[in-house]
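This is what each chain is made of:
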Amino acid sequence: MSRLTASDRLKRLLALLPWVAAREGPTVEEVCARFALETQDLLSDIALVSMVGIPPYSPGDLFDIVVEGGRVWVHMSPSFDRALRLTPEEALGLVAAGASLLAVPGADPDGPLARGIAKVAATLGVDADTTIDVDLGYASATVLRTLQQAGASRHRVRMDYYVHGRDERTTREVDPYRVYADHGQWYLVGYDHLRDEERLFRVDRVVDVDELDVTFEPPEEQRTLGLFEARADDPRVVLELEPEAAWVAEVYPVEAVHTRGDGRLHVTLAISAKPWLERLLLRLGPRARVVEVTGDKKLEKCAREAAQRVLARY
């Protein structure tokens, strides 16, 4: 299976524990299928959680997790039965955190976590469904479910994918290693047979997907893919940004940032596709200027050419 980040693993554990605790010994197969886990990953998580508890961390203050006869039991410490005393701010933070966990794949929308969050929200006099909005992107529920199921059963998929950088649609076959949410978007990591390499895909750009009869074996050691990985031969562009456009350095994976004395920034970006740079420059308008281009001198004029094409449509 693919290697999770610490944040992903924590979210999965926080969703898994109350689900198992409420079910009086579900089978290992049921737990693994519910949370798209391998048996070895489940056992590793159990080993980790068995060392978690509350001060003073005596045996009675730790989680008691037992795997026996092919079933899993979770027994909470008696300390969890004590009523919490929360400030309104802490309670609202708890509702928000709980709402985000309920958005994790495998979480039970009607389970004990959901009921507990509803009780806290009622005490605060708020409606968790309307007050707290957890946005995990605009991915199609059908597409997301198909990708998750295909990944869990290790079946290849054929998907119609919109490539934002080149403004084109392609059909490709992908081995879906992992589907996860990050920074408000759903992502798919998988082996792309069209490009013959591992790729990262935005799930909201998957127009259509079909599960195939072909199976695959995920790599034991999968490297972590960033949202964008520049190649050595990609062109580099240095932009001069006005202070109000400094957000570019925080939103996009820039390779270098230099602050000038007048507050302007010089940022260096790797560019994999001309249309992406055109859209960025049109969005920034007079707040950005191309200072230097290496690798593809045609990019120096891309903003002017893109603006001319837009004007021609009017």
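Residues numbered from 1 in each chain as written. Predicted model: local features only at pLDDT ≥ 70, side-chain atom pairs only at ≥ 80, totals over all residues. Heavy atoms only, no water.

**Examining empty space enclosed by the protein**
Tallied over the full model, the rule gives 2 cavities of 30 Å³ or more. Those elements giving two or more residues to the lining of the second largest cavity turn out to be α1 (6–21), α3 (39–49) and β2 (71–75). The element that contributes the greatest number of residues to the lining of the second largest cavity is α3, accounting for 4 residues. By residue class, the composition of the lining of the second largest cavity is 9 nonpolar, no polar and 1 charged. (1 Å grid on protein atoms, 1.4 Å probe; cavity = no way out; pocket = protein on both sides within 12 Å on 5 of 7 lines; lining within 4 Å. Points joined across faces, edges and corners; volume = space filled by probe spheres on them. Helix = DSSP H or I, 4+ residues; strand = E, 2+ residues; numbered from the N terminus. Nonpolar A, V, L, I, M, F, W, Y, C, P; charged D, E, K, R; others polar.)

**Quick look at the environment of H193**
Relative to the assigned elements, H193 resides in the loop between β5 (185–192) and β6 (197–202). We classify H193 as partly exposed; its relative accessible area is 34%. Sequence separation of H193 and E173 is 20 residues, and the distance between their C-alpha atoms is 5.6 Å. (Buried < 20%, exposed > 50% of the residue type's maximum accessible area, 1.4 Å probe, protein only.)

**Quick notes on the pattern of salt bridges**
Counting across every chain of the model gives 16 salt bridges. Residue E217 pairs with R154 through a salt bridge whose shortest N-O separation is 2.8 Å. Here E217, found in the loop between β7 (206–215) and β8 (236–241), pairs with R154, found in the loop between α7 (141–153) and β3 (155–163); they are 63 residues apart in sequence, far enough to count as distant. We note a salt bridge from R289 to E240, for which the minimum N-O separation is 3.4 Å. Residue R289 is located in strand β11 (residues 288–294), and its partner E240 is located in strand β8; the two are separated by 49 residues in the primary sequence. Via salt bridges that share partners, E240, E242, R260, D262, R264 and R289 belong to a single interconnected network. (Salt bridge = Lys/Arg side-chain N within 4 Å of Asp/Glu carboxyl O.)

**A few points about α3**
Each turn of an α-helix holds 3.6 residues, which means side chains three or four residues apart point in the same direction. Considered for burial, the residues of α3 that qualify are L42, D45, I46 and V49. Angularly, the buried residues of α3 cover 100° about the axis, an arc narrow enough to put them on a single face. (Arc of directions from axis to C-beta.)

**Remarks on the nonpolar core**
Among the nonpolar cores identified, the biggest contains 18 residues, and V237, L239, L241, L277 and L284 are the most heavily contacted of them. Sorting the residues of this core by element identifies β8, β10 (265–270), α9 (274–284) and β11 as the ones contributing at least two each. Ranked by residue count, the leading element in this core is α9, at 4 residues. Discounting chain neighbours no more than four positions away, the residues touching L241 are V248, R264, L265, V267, L284, R287 and A288. (Core = buried A, V, L, I, M, F, W, Y, C linked by side-chain atoms within 4.5 Å. Contact = heavy atoms within 4.5 Å.)

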